[in-house]
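# A closer look at the structure
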Amino acid sequence: MLALQQVSKTFTTPQGQLLVLNEINLTLARGESLALMGESGSGKSTLLHIAAGLEAPDLGHVVIDEQSLSSLNEPARAKLRRQQLGLIFQQFHLVPSLNVIDNLTLQARLAHKEDGEWSAYLLDRLGLAGRERHYPEQLSGGQQQRLAIGRALAVRPSLLLADEPTGNLDEQSADTVLALLLDLVKETQCALLMVTHSARVAAPLDRTFHLHLGSLKETKR
Amino acid sequence: MILRVVLTLLSHYRRHPGQLAMLLVGLWVASALWSSVQAINATAKESYARANALFSLETDQLARSDGIALSIDDYFLLRQAGLPVSPLLESSLTIENTRLTVLGIDLLTLPASNGNSRTTANGGSLTEFISPPWQTQLSPDTLQVFRLDRQQALGATPSIGEQRLPPLTLRNDLPPNTLVMDIAAVWALFGEQATLSLVTASGALSQPPEGYRLTRATSLASPEQLTDSFHLNLTALALLSLVVGLFIVQAALGLAMEQRMTTLRTFRALGVPGKTITLAILLELLLFGLIGAALGLISGLWLAGKLLPDVASTLSSLYQADVQRSLALPWHYWLGSVAITLGGLLLAGSGVLWRATKLQVLALGQSYAWRFSYQRQLMRMLQAGGLAGAITLGLATCLSLLPAGEGLVVSFSLVAALLFTCALCLPPALNALLQLLQRLLRRRPLGQWLAADMQLQLPRLSLAMMALLIALATNLGVSSMVGGFRLTFLEWLDQRLAAPLYINATPSTLTPLNEWLTSQPEVLETLPTARGNTRLLAINSAMENERNANESALLSSIAVFGISTVPTLTSQWPLLETFDGIPRAWEALAQQSVFINEQMAVARALQPGDSVLLETLQGAVWFTVAAIYPDYGNPQQQLLVTVDTLMQRFEGELASTGIVLHSEADTDAFRQALSTEFDLSPDTLVNQQEIKEAATQIFERTFSITRALNGLTLGVAALALLATLLAQAQQRQRQLATLWALGVPRATLALLPLIQLGGLALITGLLAIPLGITITWLLVAVINVAAFGWRLPLQLFPLDIAVMLLTAFSVALFAAALPTLQLWRTSPRALLNEETQ
């Protein structure tokens, strides 16, 4: 589903060049879940953004569903993101001008893949039923994150990329949200790449990788 | 502690320099335009005050009842009769295109109340003033006409043609462009060319002497009274700029407050008293106010300096009111300008202060429910709009009850109330429209997002949009008025100037000249004109029964203009209203009827068919008003009669003669022959084209300041929109970045803000069109009548409307393009990682 081949990324900082990703190789099959761990500033989010086509690697390739992102132009990458990818951010990035149901179905509608029944099911599963007409600022942090998960899943993505999806939540809410996310991932049979710094969050996922000084290492369990 | 709070509050602007720029730009432009107009008004008032002091309103004037000019014999006669009259000799001279009034006074007999009696009060010697070589007194600002400075001025004797002026001496209380000297000096310089008038202390004569007419001081309009409406126009435009500028300030303060709410709550949580926070915000406002006032004053004075010469020319051409060309500002001007800026800032910041006093510590960390607070705000706006609408209706009713030509202040208030009504109703209207759009675009997610996101931006944009609506509508109103006036005026000039050649000579030359012209084969038609005066004694109106003209009307004379009713003129002469059709009106004019100008019709509430009792050489005679004609730019009420009627019945004399030559005639040869025959100077013969050019030039100069202020106001509104959009550009990027992450291509993203803001500005522009047309109508049909006594036809210029729409659209596009460009250049990673606020 996802393959990162020899991906490298360097940032220019006031202190000089900083190699964040050094020839990273990673594959992720459909239905598989993978946790990406590392210290703050280790490049986890950068790797996730490169995988999503939000950022281009300096070297190497990203292949999603047998399509190399480097061979696609920007509109084509956007289309791929719209139709096949689900993105969950730590800061939720909900659209404040849209209500719950419009936020949840936004990407699905952009991709012309809206499915009313599936949306209603997601709302129910996410515990947001009855809140359709509410706006993001009227929801709690946990509810907002559940809504962000719902938005990513409403499009029935083949690859779900989550950046610290529980990072802003308390322990109890984090557990609930994570359990829900994994349930839904199982149901939809999509691949999941999740960035986290918590071993507790990483534990239920199929595999765990550590990013350290630009290199990726799988943690054996 | 308070210093720490202030410094922390100010640190916000280090992270958001755009907001600081927006705030200062708002204050700067609001203060600059206001200061500049007030500087112009203050300078003009200072000049008027000096003119009033000189030509004191405390002196009555005597004139002969038979209309013949006063002579020295009249003076002797009246003095022999023991009447306390004083002679004044008046003449003028032109130096480097500046007309100087030369006033000769007799200090020994001048009433003490006249400003000139102070001639020697400043330590000058009476003997020096009244004895040869006499003195020429002038104000320091008149020196520039002679290209002299203060050091060179004293004792200088500038030459005027072959003669020299008496030695110059400075007098600060004299109005600009006025030279005062002893009556003997004026006689020596100008001889019989100078006009004699006789003045007496106000109230010294209870009755005019037999054969004379007394004009009371109270019936003489001062330059200040005459120019009141002009200055009111300027003040209204400046006030508009001030309001628009303060809209920017309020938007900037609101945005800064919203973003600093967490900081304020943190302060409260850390134990800073609420009063200290309020005081800190107040200090911050004071600091900004002082900076804004200083910037505004500097640029306002610069602008006033640039505009003043044109304003002075306008006032001189329109009202014969002399205003100095350099700024003269009293102390209260400086204080007033700073006070207006600070007052405006406090008014604009009152909402922010109120929110600071109501700050809830427990709301710490709570996200702001903008949507709901904005709904409340919209409701309040709608209520305020309703109130402003009621005031508009009330003012309109009040205006309709006033006699035509009255209620200038009410008219301006009506325009202001109408503008505010529409501005206050704009955000609720836009909100409703966007809500409807959201529903209609339910199936189009991007379209729905466009409308929903726009609705979310509306709280921050609404003030800028209100300012834009006001500025666009005013711009359209004023430019249509000026454009319409220009067209009407030029057309009217064409109609009034029917002859290709005009002769302006003394009556003694014109009488034989007219006879000579009739015998010339080249001459197809002669169009003599005459001028005179009469008094309106009573009015017999169809609306009311006979009424006496009021006291002031009885004392003030009405100008009479005589024309010849030849087809060349009558076929073109514009008439606004007639009693029985245009041909019958001209027939009536040749008999016992008069035409009146629009100014007189408005001021006296006269209509065609009414009668006026006029003083004639044969006694009081009733004349029927056969028609009303337009007389643009004339500050006086005027009657039109035939030249024959004027010469037979009224006190008057020939004024000019228009000549129409056969098409095959050699115009140059004819001019030459005419000049030789009557020894005419070249400037006596005026070509129609020259008159039109001169008139057009005066017209253009008259409206140069209006155009400048109008353009600047629109510029301020454009800045308001731009500054508001730039201030929230960062937040816009976050919204767009989210969409980009969800798979919307960058090219589409780039279009979204352009569509949103361009659309919103276009809607605002479209709404400004009917409002602008209404304002045009109020300007031409209500305010103009109240200010000048004549109305203009309502004319609209589609090109101007298109330019206005394009301006609004372009500003919005430019402002929207910047965040888009930034989005393009900023790493999306950075945007997505930014903390959402």
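On a predicted model such as this, the values are computed, not experimentally measured, just so you know. (Residues numbered from 1 in each chain as written. Chains lettered and ligands numbered in written order. Predicted model: local features only at pLDDT ≥ 70, side-chain atom pairs only at ≥ 80, totals over all residues. Heavy atoms only, no water.)

Turning next to the overall build of chain B. Counting its secondary structure elements, chain B contains 26 helices and 21 strands. Every one of the 837 residues in chain B was classed for burial, and the buried ones make up 55%. About 36,000 Å² of surface is accessible on chain B, with carbon and sulfur atoms providing 59% of the total. (Helix = DSSP H or I, 4+ residues; strand = E, 2+ residues; numbered from the N terminus. Buried < 20%, exposed > 50% of the residue type's maximum accessible area, 1.4 Å probe, protein only. Areas by Shrake-Rupley, 256 points an atom, 1.4 Å probe, with all protein chains shown as cover.)

Listed as interface residues are 31 residues of chain B and, on the opposing side, 29 residues of chain A. Both sides together, the interface formed by chain B and chain A hides about 2,800 Å², and carbon and sulfur atoms give 57% of it. Connecting chain B to chain A are two salt bridges. Note that Arg442(B) is salt-bridged to Asp102(A), the shortest N-O span being 3.4 Å. Run the count over chain B and chain A and you get 10 residue pairs in polar contact (both at pLDDT 80 or more). (Contact = heavy atoms within 4.5 Å. Buried area = accessible area lost by both parts, 1.4 Å probe. Salt bridge = Lys/Arg side-chain N within 4 Å of Asp/Glu carboxyl O. Polar contact = N/O pair within 3.5 Å; in protein donor to acceptor, adjacent residues only side chain to side chain.)

Before going further, it helps to examine helix 5 (residues 141-154) of chain A. Side chains three or four residues apart in an α-helix point the same way, a direct result of the helix having 3.6 residues per turn. Residue and element names in this part refer to chain A. Taking 1.5 Å per residue as the helical rise, helix 5 with its 14 residues ought to reach 20 Å, and the 20 Å between its terminal C-alpha atoms agrees with that figure. For helix 5, the buried fraction is high: 13 of the 14 residues fall into the buried class. Arg 156 sits one or two positions beyond helix 5 and adopts a positive phi of about 50 degrees. (Expected span 1.5 Å × (residues − 1).)

To continue, consider the packing of helix 3 (residues 100-110) of chain A against helix 5 of chain A. Residues and elements named next belong to chain A. The N-to-C vectors of helix 3 and helix 5 enclose an angle of 35 degrees; their axes lie 6 Å apart at closest approach. When the axes of helix 3 and helix 5 are compared, the crossing they make is right-handed. In this structure, helix 3 contributes Val 100, Asn 103, Leu 104, Gln 107 and Ala 108 to the contact, and helix 5 contributes Leu 147, Gly 150, Arg 151, Ala 152 and Ala 154. Considered class by class, the residues forming the contact of helix 3 with helix 5 number six nonpolar, three polar and one charged. (Axes fitted to C-alpha atoms, helices over the stretch in contact; angles between N-to-C directions. Left-handed = near helix turned anticlockwise from the far one by under 90°. Nonpolar A, V, L, I, M, F, W, Y, C, P; charged D, E, K, R; others polar.)

Bringing the sheet that holds strand 4 (residues 59-64) of chain A into the picture now. All names here are of chain A. Spatially, the four strands line up as an open sheet ordered 2-1-4-5, and their pairing is antiparallel. On the outer flanks of this sheet lie strand 2 (16-28) and strand 5 (67-68), each paired with one strand and no other. Across two bridges, the pairing between strand 4 and strand 5 is antiparallel. Along strand 5, the bridge assignment pairs Val 63 with Ser 68. Contacts from helix 1 (residues 44-51) reach strand 1 (2-13), strand 2 and strand 4 within the one sheet, and its direction differs from that of strand 1 by about 125 degrees. (Pairing = 2+ DSSP bridges.)

With that settled, the discussion passes to the environment of Leu279(B). By the element assignment, Leu279(B) lies in helix 8 (residues 274-319). Between the alpha carbons of Leu279(B) and Asp106(B) there is a distance of 64 Å; along the sequence they are 173 residues apart.

Turning our attention to the pairing of strand 3 (residues 33-38) of chain A. All names here are of chain A. Extensive coverage of strand 3 is indicated by the burial of six of its six residues. What you see with strand 3 is no split at all: Ser 33, Ala 35 and Met 37 on one side and Leu 34, Leu 36 and Gly 38 on the other are buried throughout. Summarising the sheet, strand 3 and strand 8 (residues 191-195) pair through four bridges and their orientation is parallel. Bridge pairing in strand 8 places Ser 33 opposite Leu 192. Where strand 3 lies against strand 9 (residues 207-212), five bridges are found, and the strand directions are parallel.

We now examine helix 3 (residues 72-80) of chain B. Residue and element names in this part refer to chain B. Buried within helix 3 are the following residues: Asp 74, Tyr 75 and Leu 78. Looking straight down helix 3, one finds that the buried residues subtend no more than 100 degrees of arc, so they occupy a single side. With respect to the buried face of helix 3, the exposed residues turned more than 90 degrees away are Asp 73 and Gln 80. Residue Gly 82 follows helix 3 closely and has a positive phi angle near 80 degrees. (Arc of directions from axis to C-beta.)

A word on the packing of aromatic side chains. What the rule picks out here adds up to 12 aromatic pairs over all chains. A centroid spacing of 5.9 Å and a plane angle of 65 degrees characterise the contact between Trp573(B) and Tyr629(B), whose relative ring orientation is edge-to-face. Linking Trp573(B) in the loop between helix 16 (567-570) and strand 15 (577-578) with Tyr629(B) in strand 18 (residues 619-629), this pair joins segments that are 56 residues apart in sequence. One aromatic cluster in this structure is built from Phe485(B), Phe489(B), Trp492(B) and Tyr632(B). The ring of Trp740(B) has Arg81(A) lying over it, and the distance from NZ or CZ to the ring centre is 4.8 Å. The lysine or arginine in question, Arg746(B), covers the ring of Trp740(B), its NZ or CZ lying 5.1 Å from the ring centre. (Phe/Tyr/Trp six-rings, centres within 6.5 Å; stacked < 30°, edge-to-face > 60°. Lys NZ or Arg CZ within 6 Å of the ring centre and 35° of its normal.)

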